[in-house]
Amino acid sequence: MIPTLSLLLAYVLRAAILTRESLWRDEVDAVRFAFEPLQSMIGQLTITGFNGPLYHVLLRYWLTAAGVSDFTLRYFSLFFGVLLLALVYVVGRRMFSRRAAEVAALLAAVSPVLTWYAAEGKMYSIQPAVLTFAIYALLNATTEKNRNGLWWALAVGAVASSAALHILSPVFLAVAGAVVLASGRARYHWRGALISMAVLALPVLPILPQLLRPVLQGGDSGHTAYSLPVIAQSLAFNWTLGLDGRAPVVLPDAPSWLIDVLRWLSLAAFVAAAFAGAGPSRARYAPLICLAWITLPTLIIWLVSQRFAVFQPRYVLWSAPGLYVLAGAGLARMGVFRVPAIAGMLLIGLLGYAGQVVNPIRPDLRGAVGVVRENWADGDGVVFQISYAKHGFEYYTRGAQRPSLTTLDGPYTNDGMSEDEVGQALAGVTQQSKRIWLYETESEMWDERGMTRGWLDANWRLADRREMRGATGSLYERQAP
């Protein structure tokens, strides 16, 4: 009964926010990449900044069948986000007990971060599901009774699929090794483990130098190199309270000290539950596997980042279920305190979820495009700042009866471009149009001094400007001579 309720709760929480926010840049890219030629997708596998093609291949078939929209894009993620709950349950039951599995599934159901990525059109919902299944397959493959290769084959398939979903998924092999070693029965399965490693390694060997080159050479990856304590704190709050920095306080104007105190108390509750779960268990190796699941991927990515920074919390989201399984085991053994402790932990998760709903996070590309669509006309010019914003504009104007527009990529001014140079860069649209729309989102990436907007403010008449969350639509008219 409880697993069914957990799945229903997970579905409701995730479905409720599917279209509440606009798609953001990466989600628009997901739609674009899904319809690229397959050869192009595969070729991007070894290019820094691109992930594996499998998600986009699967997404292509889904969007072709279901149609392209915010809802259908994110519903694909929702399916795997709910499937993850079932996998958390079976892994928790396999490692600890039915009661521990039920609590773990409830924690995962209300997890703000899992809820968030189950409502985002990226691979960060399907990747955790695939790797959680890989752990389940390995747990079965390393039992003393297992004498066939089925579970090894399923584990290999899951790990290989994850690598085709995200380029950093191979760090899971450290967790896989921990599962084999911690089982205490590795001597029965050395052949299966070695064959599995060979099957996984052989296809990668030809492109291994290209994959390792950025790490060996070092350099700027576009990511920030964080210290290990900062990474650990970021993940701890991410997995317990989600992406909103004000949770668990969702009321406006709450004092910062109160937010900090409640955030640390919430984290302490999770840590205490996890420590309780690390005690003696039916499967003596289970706590070690969970600890490896939680820590090893982050440690490896931190070490890699000493040469080539690659850390983002979402890159190790698939480790979060390990925390919920371990905390679920701890809460399940709290005796008379079990029910209030579980209720408190669920409240923490729901407050984190509420924080993400009350305080939206993604740039409102949909709203900013709507500003332009309300009053666009033939002959208008549109300047995109940053230039990449044109993809979001194209997505949210697809199928519309568009007037004849002159479009221009906003200039990159962060290299010291002068005001006169900005005017020259905009000449392609200012000389042809009587009205200009400035469509801005994340403009500081290209124009942190606001030179493009400043030049238009000074040389054209501002007729309308509407500030959305993380995006702005401005209409300029030519000044009378």
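Note that this is a predicted model, so its numbers are computed, not measured.

1. What to know about the overall build of the protein
Reasoning step 1: Looking only at helices and strands, the protein has 23 helices and 5 strands in total.
Reasoning step 2: The 481 residues of the protein split such that 51% are buried.
Reasoning step 3: Sequence separation of 24 or more characterises 79% of the internal contacts of the protein that already satisfy a separation of 6 or more.
Reasoning step 4: Put simply, the protein shows about 21,300 Å² of open surface, and 62% of that area lies on carbon and sulfur atoms.

2. Structural notes on the nonpolar core
Reasoning step 1: Formed by 122 residues in total, the largest nonpolar core has its most connected members in Tyr 55, Met 95, Phe 96, Phe 172, Trp 239, Tyr 324 and Tyr 439.
Reasoning step 2: At 12 residues, the largest contribution of residues to this core is made by helix H5 (residues 70-95).

3. A look at the pairing of strand S3 (residues 435-441)
Reasoning step 1: For S3, the tally of buried residues reaches 7 of 7 residues, placing the bulk of the element in the interior.
Reasoning step 2: Judged by which residues are buried, S3 turns out to be covered on both faces: Arg 435, Trp 437, Tyr 439 and Thr 441 on one side and Ile 436, Leu 438 and Glu 440 on the other are all buried.
Reasoning step 3: Relative to S3, strand S1 (residues 381-385) is paired through 5 bridges, and the arrangement is parallel. Along S3, the bridge assignment pairs Phe 384 with Tyr 439.
Reasoning step 4: The sheet contact formed by S3 and strand S5 (residues 471-478) spans 7 bridges and is antiparallel. Looking at S5, one finds that Arg 435 is bridged to Glu 477.

4. Quick look at the pattern of salt bridges
Reasoning step 1: Going through the model one piece at a time under the given rule, you end up with 19 salt bridges.
Reasoning step 2: Two residues, Arg 32 and Asp 29, come together in a salt bridge whose shortest N-O distance is 2.7 Å. With Arg 32 and Asp 29 both in helix H2 (residues 25-34) and 3 residues apart, this pair spans about one turn of that helix.
Reasoning step 3: A relative accessible area of 7% places Asp 29 in the buried class.
Reasoning step 4: Residues Glu 394 and Arg 402 are paired through a salt bridge, measuring 3.0 Å at the closest nitrogen-oxygen approach.
Reasoning step 5: Accessibility expressed as a relative area gives 39% for Glu 394, which makes it partly exposed.
Reasoning step 6: Taking the relative accessible area as the measure of exposure, Arg 402 reaches 31% and is therefore partly exposed.

5. With respect to the sheet that holds S1
Reasoning step 1: Pairing is mixed in the open sheet, where 5 strands are placed in the order S2-S1-S3-S5-S4. Of all strands in the sheet, those with a lone pairing partner are strand S2 (406-409) and strand S4 (460-468), marking the two edges. In this sheet, adjacent strand axes meet at a mean angle of 20 degrees when their direction is disregarded.
Reasoning step 2: In the sheet, S4 pairs with S5 via 8 bridges, with the strands oriented antiparallel. Among the inter-strand pairings, Asp 464 is bridged to a residue of S5, identified as Leu 475.
Reasoning step 3: Contacts from helix H18 (residues 365-375) reach S3, S4 and S5 within the one sheet, and its direction differs from that of S3 by about 175 degrees.

6. Observations concerning the packing of H2 against helix H4 (residues 54-66)
Reasoning step 1: Closest axis-to-axis distance for the H2/H4 pair is 8 Å, and the angle between their directions is 80 degrees. As summarised for this structure, H2 and H4 are arranged roughly perpendicular, according to the angle between their axes. In this structure, H2 uses Ala 30, Val 31, Phe 33 and Ala 34 to contact H4, whose residues at the interface are Tyr 55, His 56, Leu 59, Arg 60 and Leu 63.

7. With respect to unusual backbone geometry
Reasoning step 1: Between Ala 247 and Pro 248 the backbone carries a cis peptide bond, its omega angle lying at 10 degrees.
Reasoning step 2: Relative to the helices and strands, Pro 248 resides in the loop between helix H13 (228-241) and helix H14 (256-277).
Reasoning step 3: For the peptide bond that leads from Gln 385 to Ile 386, omega is 10 degrees, which places it in the cis range.
Reasoning step 4: By the secondary structure assignment, Ile 386 is in the loop between S1 and helix H19 (389-396).
Reasoning step 5: Positioned with a positive phi, Asp 253 is a non-glycine residue whose angle comes to about 60 degrees.
Reasoning step 6: Following the sequence through the fold, Asp 253 ends up in the loop between H13 and H14.
Reasoning step 7: Look at Glu 442: it is not a glycine, yet its phi comes out positive at around 55 degrees.
Reasoning step 8: Take Glu 442: it is sitting in the loop between S3 and helix H22 (444-447).

8. Some details on the pairing of S2
Reasoning step 1: Where S1 meets S2, 4 bridges bridge the pair, whose relative direction is parallel. What sits directly across from Gly 381, in S2, is Thr 406.
Reasoning step 2: With respect to chirality, the unit in which S1 leads through H19 into the neighbouring parallel S2 is right-handed.

9. A closer look at the side chain of Asp 364
Reasoning step 1: Of note, Asp 364 is situated in the loop between helix H17 (338-358) and H18.
Reasoning step 2: The buried charged residue Asp 364 lacks any salt bridge, with Arg 366 as its nearest oppositely charged partner at 4.8 Å.
Reasoning step 3: When near neighbours in sequence (up to four residues on either side) are disregarded, Asp 364 contacts Ser 22, Met 468, Arg 469 and Ala 471.

10. Comments concerning helix H16 (residues 320-332)
Reasoning step 1: Here H16 is 13 residues long and its end C-alpha atoms lie 18 Å apart, about the 18 Å a rise of 1.5 Å per residue gives.
Reasoning step 2: With 13 of its 13 residues buried, H16 lies for the most part within the structure.

11. With respect to the side chain of Asp 70
Reasoning step 1: Relative to the helices and strands, Asp 70 resides in helix H5.
Reasoning step 2: At 2.7 Å, the side chain of Asp 70 and the side chain of Tyr 395 are in polar contact.

12. With respect to the confidence of the model for the protein
Reasoning step 1: When pLDDT is averaged along the protein, the result is 87, and 88% of the positions lie at 70 or above.
Reasoning step 2: For the protein, helix H12 (residues 208-217) is the element with the lowest average pLDDT, namely 58, and helix H7 (residues 112-117) is the one with the highest, namely 97.

13. Description of the environment of Gly 67
Reasoning step 1: Note on placement: Gly 67 falls in the loop between H4 and H5.
Reasoning step 2: Not counting residues within four places of it along the chain, the set of residues in contact with Gly 67 comprises Trp 62 and Thr 72.

Conventions we followed
- Residues numbered from 1 in each chain as written.
- Predicted model: local features only at pLDDT ≥ 70, side-chain atom pairs only at ≥ 80, totals over all residues.
- Heavy atoms only, no water.
- Helix = DSSP H or I, 4+ residues; strand = E, 2+ residues; numbered from the N terminus.
- Buried < 20%, exposed > 50% of the residue type's maximum accessible area, 1.4 Å probe, protein only.
- Contact = heavy atoms within 4.5 Å.
- Areas by Shrake-Rupley, 256 points an atom, 1.4 Å probe, with all protein chains shown as cover.
- Core = buried A, V, L, I, M, F, W, Y, C linked by side-chain atoms within 4.5 Å.
- Pairing = 2+ DSSP bridges.
- Salt bridge = Lys/Arg side-chain N within 4 Å of Asp/Glu carboxyl O.
- Axes fitted to C-alpha atoms, helices over the stretch in contact; angles between N-to-C directions.
- Parallel < 35°, antiparallel > 145°, perpendicular 65-115°, else oblique.
- Right-handed = clockwise from strand over helix to strand, strands pointing away.
- Lys, Arg positive; Asp, Glu negative; His and termini not counted.
- Expected span 1.5 Å × (residues − 1).
- Polar contact = N/O pair within 3.5 Å; in protein donor to acceptor, adjacent residues only side chain to side chain.
- pLDDT = per-residue confidence, 0-100.

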